[in-house]
Amino acid sequence: MVDGIITGKVKGGLSAEIGITAFLPGSQIDTRPLRDVSHLLDVPQKFKVLKMDSKRNNIVVSRRAVLEETHKELREERFSQLALGDVVEGRVKAITDYGAFVDLGGYDSLLHSSDITYRRIGHPSEVLKIDQIVKVKIIKVDPEKNRVSCGLKQLEEDPWTKIEGKFNVGDKLQGICSNVTDYGIFFEVENGIEGLAHRDMLTWSSKKNSQPGNLYARSQSVDCIVLEVDYIKKRLSLGIKQLTPNPFEKYNEQNPIGTIVETEIKAIKDNIIFCSLEEDIDGAIFSQNISWDIQDDTKDAIKKYSVGDKIKAKIIENKKYSFLVQKWLKKNTIKDVLEKFFEVKITSINTCNLPRKKRRLGKFKGYKTQYKKVIITLDPKDNIQLFSDI
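Residues numbered from 1 in each chain as written. Predicted model: local features only at pLDDT ≥ 70, side-chain atom pairs only at ≥ 80, totals over all residues. Heavy atoms only, no water.

Undergrad: Now, about the pattern of salt bridges: what can you tell me, with residues and values included?
TA: Considering all chains together, one arrives at 13 salt bridges under this definition. The salt bridge involving Asp3 is made with Lys46; its shortest N-O contact spans 3.0 Å. Taken together, the residues span a long stretch of sequence, with Asp3 in strand β1 (residues 2–10) and Lys46 in strand β4 (residues 44–53) at a distance of 43 residues. The exposure class of Lys46 is partly exposed, given its relative accessible area of 48%. The partner of Arg91 in a salt bridge is Asp131, and the shortest N-O contact between them spans 2.7 Å. Of the two residues, Arg91 sits in strand β6 (residues 87–96) while Asp131 sits in the loop between β8 (108–112) and β9 (133–142), which places them 40 residues apart along the sequence. Here the salt bridges do not stand alone but share partners, grouping Arg91, Asp103 and Asp131 into one network. (Salt bridge = Lys/Arg side-chain N within 4 Å of Asp/Glu carboxyl O. Helix = DSSP H or I, 4+ residues; strand = E, 2+ residues; numbered from the N terminus. Buried < 20%, exposed > 50% of the residue type's maximum accessible area, 1.4 Å probe, protein only.)

Undergrad: Account for the packing of aromatic side chains, naming residues and giving values.
TA: Going through the model one piece at a time under the given rule, you end up with four aromatic pairs. Both rings, one in Trp160 and one in Tyr231, keep their centres 6.2 Å apart while their planes meet at 75°; by these two values the pair is edge-to-face. One end of the pair, Trp160, is in the loop between β10 (147–151) and β11 (172–181); the other, Tyr231, is in the loop between β14 (221–230) and β15 (235–239), and 71 residues separate them in sequence. A ring pair is formed by Phe187 and Tyr216, whose centres lie 6.1 Å apart and whose planes are at 85°; its orientation type is edge-to-face. With Phe187 in strand β12 (residues 184–190) and Tyr216 in the loop between α2 (206–209) and β14, this residue pair connects regions lying 29 residues apart in the sequence. (Phe/Tyr/Trp six-rings, centres within 6.5 Å; stacked < 30°, edge-to-face > 60°.)

Undergrad: How would you explain the sheet that holds β9 if you had to name every residue and give the values?
TA: The strand order β6-β7-β8-β10-β9 describes a closed barrel built from five strands, whose pairing is mixed. Along the sheet, successive strands turn relative to each other by an average axial angle of 50°, direction set aside. Judged from the five bridges that link them, β6 and strand β7 (residues 99–103) form a sheet pairing that is antiparallel. For Ile95, the partnering residue across the bridge sits in β7 and is Ala100. (Pairing = 2+ DSSP bridges. Axes fitted to C-alpha atoms, helices over the stretch in contact; angles between N-to-C directions.)

Undergrad: Kindly report on the pairing of β10, identifying the contributing residues and their values.
TA: Of the pairings in the sheet, the one linking β8 to β10 comprises two bridges and is parallel in character. Across the sheet, residue Leu111 finds its bridge partner in β10, namely Cys150. By the bridge criterion, five bridges tie β9 to β10 in an arrangement that is antiparallel. Residue Asp142 lies in a different strand from β10, and its bridge partner there is Arg147. Here β9 hands over to β10 after four residues, with Asn146 in that stretch at a positive phi of 50°.

Undergrad: Can you break down the confidence of the model for the protein residue by residue, with the values?
TA: Counting all residues, the mean pLDDT for the protein is 78, and 79% of those residues have values of 70 or more. When the criterion is pLDDT under 50, residues 349–390 qualifies, and its contacts beyond four places in sequence or with other chains add up to 86 contacts. (pLDDT = per-residue confidence, 0-100. Contact = heavy atoms within 4.5 Å.)

Undergrad: Residues and numbers for the pairing of β6, please.
TA: One ladder, built from five bridges, connects β6 with β9; its direction is antiparallel. Bridge pairing links Glu89 to Lys135 in β9. Linkage of β6 to β7, two consecutive antiparallel strands, is achieved through a turn of two residues.

Undergrad: Tell me what's going on with unusual backbone geometry, and back it up with residues and numbers.
TA: Although it is not a glycine, Asp270 sits at a positive phi angle of roughly 55°. Relative to the helices and strands, Asp270 is located in the loop between β16 (260–269) and β17 (272–278). The class of Asp270 is exposed, set by a relative accessible area of 64%.

Undergrad: Provide a residue-level description of the environment of Thr181, including the pertinent values.
TA: The residue Thr181 is located in strand β11 in this model. Sequence separation of Thr181 and Gly213 is 32 residues, and the distance between their C-alpha atoms is 7.3 Å. When near neighbours in sequence (up to four residues on either side) are disregarded, Thr181 contacts Phe186 and Pro212. Only 2.8 Å separates the side chain of Thr181 from the backbone oxygen of Gly184, close enough to count as a polar contact. (Polar contact = N/O pair within 3.5 Å; in protein donor to acceptor, adjacent residues only side chain to side chain.)

Undergrad: Requested: an account of helix α1 (residues 64–81), with residues and values cited.
TA: The terminal C-alpha atoms of α1 lie 25 Å apart, and with 18 residues this matches the ideal 26 Å at 1.5 Å per residue to within 8%. All of the buried residues in α1 are Ala65, Val66, Arg78 and Phe79. (Expected span 1.5 Å × (residues − 1).)

Spelled out as structure tokens, the structure:
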């Protein structure tokens, strides 16, 4: 350590007088970059000699190294004074996307964004400002890593303790949109109390729900309904579409199972034909429900159709999608033959692949009856051959 003063600016740093002229690089002036160094000129300083070349009469010094050693001593001393649960005063030194750093008198502590307020915020700068004086509570002390974490919201009463038992499933609430994410929207229903409306719970349309940000904006007031509440985990699940009639239920009432509908193919994906039945209601025709012809490969059968084709289909199941079967509109000759031959009622149809050695026979069809399982295939002459355990 040597004493000296900074005399002026030179290329790449400052000039210092320590009994001999020395060079103070710009990176060694302070622990952080300084735009203005006028307050350091002609002021007695302590420096650490980094390099000395007697032949070239060149000396390199550092003011930053002295500050870091001083800060380290102050930091260790201040760390020993901080204890879990202490309430201390600090100054906001820096703000990041994930929180803020608070100077607790020589020791910088992280104030995470989740510990700033019970409300959901988009960025810590919505609540804090640089050089703002705040009171915080020490919530974590790690002696091994010499780290201290502090919290601001811990000085307030947890709002969940005030509302225990207040909300019940089915209650209608009014909330303010506090945050929009890809998986749903958060609504503040009371001060510090937020609930999540998952994107599937926003509207009855899966297409509209795919982009929640197009439906609601922050600060928008929305009516919602309580779907689930957990006071222990502090979770509130909300729904919005439940406040309106379910269009699927109405459509199912008007079009029960067995109804033949005329529809248009809107998309073909993963061997499934998607049809538009009504607004926000789609029907799906799976490849195995396209044709009764067992010689048709399901992939080849689906290639006969294109987007925009007008088709007729029969509703066989009513769920979120109306499952349609086109082959029911065709004569089921194979099914008729088997029912007459075995004198039984066929209840379902399954598909299985032939063993490698028998692929020349084509594909088997498995017919489950009330009494036995019959596997059949058609030879090139369309004669029925039976392979079964009968």
